[in-house]
Amino acid sequence: MLQPQDTAVTTLGPCTIPSPLRLGRQPEAGVPPFVSDTARVRFRVECDPACPAEPDVFFEKAGPRERLFFDPRRVRAAIVTCGGLCPGLNNVIRSAFLELHYNYGVPEVLGLRYGYAGLNPAVAEPPLRLTPELVDTIHEEGGTVLGTSRGPQPVEVMVDFLASRGIDLLLCVGGDGTLRGARSIAEEVLRRGLKIAVVGVPKTIDNDVMYVERTFGMQTAVDKAREVLDAAHNEAKSAYNGVGLVKVMGRDAGFIAAMATLASQEVNFTLIPEVPLVLDGPRGFLETLRRRLIARHHAVVVVAEGVGRELLAGEPVETDASGNPKPPDIGPFLKNRIVQHMRKYGVPVDVKYFDPSYLIRSVPANSDDAIFCDALARHAVHAAMAGKTNVVVGLWNGVFTLVPIPLAVSGKKHVDPAGPLWKSVLACTGQPPGWT
Ligand code: ATP
Ligand code: MG
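What comes next concerns the included structure. These numbers were taken from a predicted model, which means no experiment stands behind them. (Residues numbered from 1 in each chain as written. Chains lettered and ligands numbered in written order. Predicted model: local features only at pLDDT ≥ 70, side-chain atom pairs only at ≥ 80, totals over all residues. Heavy atoms only, no water.)

Examining the packing of helix H7 (residues 285-296) against helix H8 (residues 330-344)
- The contact between H7 and H8 brings their axes to 10 Å, and the two run at 60 degrees. The element H7 and its partner H8 pack so that their crossing is right-handed. Across from Phe-285, Leu-286, Glu-287, Leu-289, Arg-290 and Leu-293 in H7, the residues of H8 making contact are Leu-334, Arg-337, Ile-338, His-341 and Met-342. (Axes fitted to C-alpha atoms, helices over the stretch in contact; angles between N-to-C directions. Helix = DSSP H or I, 4+ residues; strand = E, 2+ residues; numbered from the N terminus. Left-handed = near helix turned anticlockwise from the far one by under 90°. Contact = heavy atoms within 4.5 Å.)

Structural data, given as structure tokens:
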């Protein structure tokens, strides 16, 4: 259970420099205020007097502080993007730069190239010096203008690099691996007694970061996945016993599959890693699909990439450059099993398989994510200028928060099969709650 001390944010030291931002002091009327360092966001908004009392846990509220740790006129900042692509990376780079440059007056912001490789001089491309011209239109493009990579770099080398380049604050934009890397850097910095703030912006299209209710890119992914589901529905309906089978991202968590299902309203079966998939038996997925085809002559199935690891247990597991296991491909496997099963029962079937993963990852952010990325990036800058470190910008109960990185990477967030999201999916697909 989460304890109050788990959410305590590390700072580099006392904040004595007045902020150059033109904001009001609370409770000055009519001017957006600075956020007090003691402002908090409650972990649980719901309560039940009948249940045993839990300790009150709060997150530190994110936002611009009136006093800063760093003197902005002397700051050198750096931004790095790591891991897989996700819509909104360029928006985060752009807004972080613009906040540092125009609002804080920071003279130099570097864009480190190709992920953490950019902090290892043995392999690094030289950093880009960011300018308003360079970032001008980057938010209109997908991908990351800085480049990205996977694969580890020695933490001592990366901290040597930051120290030798005089970098005071490092913004790390990436997923769980990136945040683990950021934690190692922040801890090594503290061990050496250096004053470098390391702040993360959580990027995971899967939305699986703990204690962060939303990560950027997911809404865009849901938009794109929904388009594919609608196409799959048209294909399925236009064929006799047509099945539109769509694989979406979600190695450990089925948020994209679940939310795209709700957005599309055309899905009949949503398969997510949190609900074990059973193919065979009278109440298994294949027989349920067969009954659906006999009754309605078409079906749309969405499967998250992390589904069915137990079914694919015999298949070889590859790993990517960062050492993450790449699950065997559930999509073609499921397609084959559907075809074999229907053949066995003499039911004609026409399966159209869609795998839009790379198409989805590389598109520009939609409006909702663009707005979200802008806020996340500016909050990351505010946190770093106030000397917060080993921390990630989160959102909790609709308020931007600061979450210690060790807490954010302590596990993965999942769709709760007993929660409201999954309940809505079951209501909208009509599928059974489980496959046994
Ligand atoms: P995503 O999974 O969304 O694509 P990610 O940030 O998890 O993003 P990874 O490739 O796993 O992507 O990691 C990004 C970078 O972080 C890589 O350079 C990787 O080596 C580094 N990294 C991963 N785990 C650690 C760790 N425990 N300590 C230090 N660095 C790490
Ligand atoms: Mg990852």
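Moving on, there is more to tell.
So, empty space enclosed by the protein
- Taken as a whole and judged by the stated rule, the model has one cavity of 30 Å³ or more.
- As a volume, the largest cavity reaches approximately 50 Å³.
- Looking at the largest cavity, the residues that line it are Asp-176, Leu-179, Arg-180, Asp-208, Val-209, Ala-408, Val-409, Gly-411 and Lys-412.
- No other element matches the three residues that helix H4 (residues 176-191) contributes to the lining of the largest cavity. (1 Å grid on protein atoms, 1.4 Å probe; cavity = no way out; pocket = protein on both sides within 12 Å on 5 of 7 lines; lining within 4 Å. Points joined across faces, edges and corners; volume = space filled by probe spheres on them.)

Describing the packing of aromatic side chains
- The final tally for this structure, using the stated rule, is 11 aromatic pairs.
- Taken together, a centroid distance of 4.9 Å and an interplanar angle of 90 degrees make the contact between Phe-69 and Phe-70 edge-to-face. The two residues Phe-69 and Phe-70 agree in class, both being buried.
- When the centroid spacing of 6.5 Å and the interplanar angle of 55 degrees are considered together, the rings of Tyr-211 and Trp-396 count as tilted. One end of the pair, Tyr-211, is in the loop between strand E10 (197-202) and helix H5 (218-238); the other, Trp-396, is in strand E18 (residues 391-396), with 185 residues separating them in the sequence. Just as Tyr-211 is buried, Trp-396 falls in that class too.
- Taken together through their ring pairs, the aromatic side chains of Phe-43, Phe-59, Tyr-211 and Trp-396 make up a single cluster.
- The residue whose ring lies beneath Lys-413 is Phe-255, and the NZ or CZ to ring-centre distance is 5.2 Å. (Phe/Tyr/Trp six-rings, centres within 6.5 Å; stacked < 30°, edge-to-face > 60°. Buried < 20%, exposed > 50% of the residue type's maximum accessible area, 1.4 Å probe, protein only. Lys NZ or Arg CZ within 6 Å of the ring centre and 35° of its normal.)

Details of the layout of surface pockets
- One number sums up the size of the largest pocket: a volume of about 1300 Å³.
- Residue assignment for the lining of the largest pocket shows that the elements contributing at least two residues are helix H3 (155-164), H4, strand E15 (325-326) and helix H9 (357-361).
- Broken down by element, the lining of the largest pocket gets its largest block of residues, six residues, from H4.
- Along the lines of polarity and charge, the residues of the lining of the largest pocket split into 15 nonpolar, 15 polar and 18 charged.
- Counting the residues that make up the lining of the largest pocket, at least three belong to each of domain 1 (4-216 + 365-408) and domain 2 (219-362). (Nonpolar A, V, L, I, M, F, W, Y, C, P; charged D, E, K, R; others polar. Domains from an automatic or database assignment.)

Looking at the site of ligand 1
- Ligand 1 sits among 18 residues. The nearest are Gly-84, Gly-151, Asp-176, Thr-178 and Ser-322.
- Between ligand 1 and Gly-84, the relevant distance is 2.6 Å, taken from an oxygen atom to a main-chain nitrogen or oxygen of the residue.
- Here an oxygen atom of ligand 1 and a side-chain polar atom of Asp-176 are 2.5 Å apart.
- Protein burial of ligand 1: of its 620 Å² of free accessible surface, 81% is covered by the chains.
- Assessed atom by atom at 2 Å from the grid points, ligand 1 resides in the largest pocket.
- Ranked by residue count, the leading element in the shell around ligand 1 is H4, at six residues.
- Its residues assigned to classes, the shell around ligand 1 comprises three nonpolar, 11 polar and four charged. (Near = heavy atom within 4 Å. Polar contact = N/O pair within 3.5 Å; in protein donor to acceptor, adjacent residues only side chain to side chain. Areas by Shrake-Rupley, 256 points an atom, 1.4 Å probe, with all protein chains shown as cover. Sits in = over half its atoms within 2 Å of the grid points.)

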